[in-house]
Every structure is written in C-alpha cells, then in structure tokens.
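# Structural description and commentary
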Amino acid sequence: MGKVADATNFISKLTPLKAWNILQLYTSYKLTQWRGRPIQWGTPMTISIEPTTACNLRCPECPSGLRAFTRPTGNLKKDFFSRILDEVGPRLSYLIFYFQGEPYINPAFLDMVKHAHDRGIYTITSTNAHFLNDDNARKTIESGLDRIIISIDGTTQDTYEQYRKEGKLEHVLQGARNIIKWKKNLKSKKPYTIFQFLVVKPNEHQISEVYRLAQEIGIDEVKLKTAQIYDYQNGNPLIPEQDQYSRYARQPDGTFTIKNKLANHCWKLWHACVITWDGKIVPCCFDKDATHILGDLKDHSFNKIWHDQAYTLFRTSLLKGRDQIDICTNCTEGCKVWA
C-alpha cells in the first residue's frame, strides 16, 4: 500500500462532519494567532489513546522502559474505550493507539482497533514488534488497522540493543515479515507499514542499511526520527554526530541547546490531545507522566473538558510564554522526520 493509496484510504473515511470539524479547528487556531488569545472551535481531529503503560523493553529515554512513572499504571478497558468513542468518534479523523507502553500487551487492543475501524475512523499504532507473532499479525490485518509504525533502531543486534535494551532485532524483523505475509494472504492493502528509525549516535551509521532492509521485507516507508534526550545540556552519548539528525546544537563552550526556538503557539493544542489508559486528558505526547491533567473522563464529558477553564488557562499560558511550561522546553512541536 503506497502513499497515494494510504492517503486515498484516509480521505475515504472523511465525512462532511469531520471535514467541517477540521475547518473549525484550523480557523480557530489561526484566529488565536492573530488575536493573541485562545479561541477554540470544534473538537480534536486527532486523539492519542493509551492502551497500556506496560512495556517489555527498557529504553533509556522512555518512562515506560525506565519504570519511572509516578502516575498509576494499567491497561485501557474495552468498555471504557467504547464509551469514549461514542462521544468523540463522529468528529474524529485520526485515532492513534499509542502514548506510553507497548500496545500489544493489552489483550483487548486489537478488539478496540476493530471497534474504531467499524466506526469509520483511521487507526494508527506504534509497536516494538516483539508481539507480532503469526497469530497477532493475522489478527492485526483482520482488525482493519490502517497504519502500523514499527520501531527498528538498529540493523544489527549489537546496535539495536544499545537503545532497545532487552530487545531482539530478530523478533522485530520477523514481526514485520509476518505483517507483510498476512497482508498478502488476506489480499489487504492495509495497514500502511512504516519502519521508524530513531537516529542516535550508536546507530546513525546504519541509516542506509535500514532502507535496504525495508525494501527487502516489503515495508512501505522508512521514517527517520530525531530523539528527545532528557539530559542533553552537557552532552549525551545518544546525541548523533550528524547535525541534521539531532534536535540539539553544540555551543562554543561545549554545551548543547535545543535547536528550535519556542514560538508561543502550538497547533497540537488545538487539533489533538492525549488520553491516558485511565481516562485522564493531557495536552500532548510530551507530558509522558501526566503532570498537566486537564480533565478526567470518568468525571466529565470530553466536550466539557475540551472547552473548560483548565484547557483555556493552559492555552493562555502557552500563548504568553511556551518556554515557561516544563513539557514545552524540550519540544519541537512534533518530532522532525525525514523520508
């Protein structure tokens, strides 16, 4: 399934209500930039929902991998997910089954994908591929998942495990092959498959090799992603040598600073949000430990939370000074990728 077919698939799921919602979001965001105060129309076109906080790997820059959460951990429940979808589904364009953790650990994960698919929503997930055995690969195709991002951060085991600690590259490659096999067996164009390569110093010499691997297996696309480093100011062994793949710039004194200037606006705060496994709403994927809870779906409707005072105050503080918000200071407003 190529890029054109994937785009066509997404467009085919748009309804007049979804298109109107996107227009409302974009218009209110532009008016906000012009007037300097938050104006919010519509509801999110993109929602990331967290199937689980659990993960089988121990990646060094990930709270799931480090087992470092201060918030509760657990699995999203299928009936709770259905209730959320009943409210947000009609206007929702993208549903991303990922925040923290490995989605396939949740035993109801693919059932929830199927439920969203049946509601005409474009669905995406991101996985470390260690659970894509033959049976799960078949069930993934049958669920109707539209896009799958497979993390492959090395093309040899030695390199791969320097970031994906306790992971096995052979499981990743076999999982990818299983997905491609079952797409062919079931004559399905979906899901659109992506190898995501998180560029860090230990693996940057293997960039060309990941493209070769993707072509050999039949993966649709390779995306190179810059790494968010928590402790970057004095340098870090994960920061790439190749400047174009780093979010951080070396200063004359040897320290590092984030490249992008923090403009006092953020499209994500207008068109997207994140829902944790237990129903907390947080601003974006940079709030990994849910320190900025804007509402709880166990207590209030999504629409009330989206337009309520807490959200308005957060958007207002962002417009006044994004550099004063902790989760924004190491943010590039969406990770840069290169195809």
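On a predicted model such as this, the values are computed, not experimentally measured, just so you know. (Residues numbered from 1 in each chain as written. Predicted model: local features only at pLDDT ≥ 70, side-chain atom pairs only at ≥ 80, totals over all residues. Heavy atoms only, no water.)

## Here we look at empty space enclosed by the protein
Definition in use: Residues are said to line a cavity or pocket when one of their atoms sits within 4 Å of a point; the points come from a 1 Å grid over protein atoms alone, cavities being sets where a 1.4 Å probe fits but cannot get out and pockets being open sets with protein on both sides within 12 Å along at least five of seven lines. Grid points are joined across faces, edges and corners, and a volume is the space filled by probe spheres set on the points. We count a stretch as a helix when DSSP gives it H or I for four or more residues in a row; a strand needs E for two or more, and each element gets its number in order from the N terminus.
Per the counting criterion, the structure on display carries 3 cavities of 30 Å³ or more. Size it by volume and the largest cavity reaches roughly 60 Å³. Forming the boundary of the largest cavity are 12 residues, of which Cys-266, Leu-269, Cys-284, Cys-328 and Cys-331 lie nearest the centre. At the level of elements, helix H10 (268-271) and helix H12 (309-320) are the ones that each hand at least two residues to the lining of the largest cavity.

## Points about a nonpolar patch on the surface
We apply this condition: Only residues whose relative accessible area exceeds 30% and that form no salt bridge enter a patch; like-charged residues are grouped when within 9 Å of one another, and nonpolar side chains (Val, Leu, Ile, Met, Phe, Trp, Tyr) when within 5 Å. Residue burial considers only the protein chains on display, and all accessible areas are found by Shrake-Rupley using a 1.4 Å probe. Any Lys or Arg side-chain nitrogen found within 4 Å of a carboxyl oxygen on Asp or Glu counts as a salt bridge. Burial classes: relative accessible area under 20% of the type maximum marks a residue as buried, over 50% as exposed, and values in between as partly exposed (1.4 Å probe, protein chains only).
Taken together, the side chains of Leu-17, Trp-20 and Leu-23 make up a nonpolar region of the molecular surface, amounting to roughly 290 Å² of accessible area. Here Leu-17 lies in helix H2 (residues 16-35). Of the residues examined, Leu-17 reaches a relative accessible area of 34% and is grouped as partly exposed.

## Quick notes on unusual backbone geometry
Here Lys-190 and Pro-191 are connected by a cis peptide whose omega angle stands at 0°. Mapped onto the fold, Pro-191 is located in the loop between helix H8 (169-185) and strand S5 (192-199). The phi dihedral of Glu-166 is positive, around 75°, even though this residue is not glycine. Along the chain, Glu-166 turns up in the loop between helix H7 (157-163) and H8. Residue classification places Glu-166 among the exposed positions, given a relative accessible area of 56%.

## Concerning the pattern of salt bridges
With the rule as written, the count across this model stands at 24 salt bridges. The closest approach of N and O atoms between Lys-183 and Asp-220, which form a salt bridge, is 3.5 Å. Placement of the pair is Lys-183 in helix H8 and Asp-220 in the loop between helix H9 (207-217) and strand S6 (221-226), with a sequence separation of 37 residues. The exposure class of Lys-183 is buried, given its relative accessible area of 8%. Measuring nitrogen to oxygen at the nearest pair gives 3.5 Å for the salt bridge that ties Lys-280 to Asp-296. Placement of the pair is Lys-280 in strand S10 (residues 280-282) and Asp-296 in strand S11 (residues 295-296), with a sequence separation of 16 residues.

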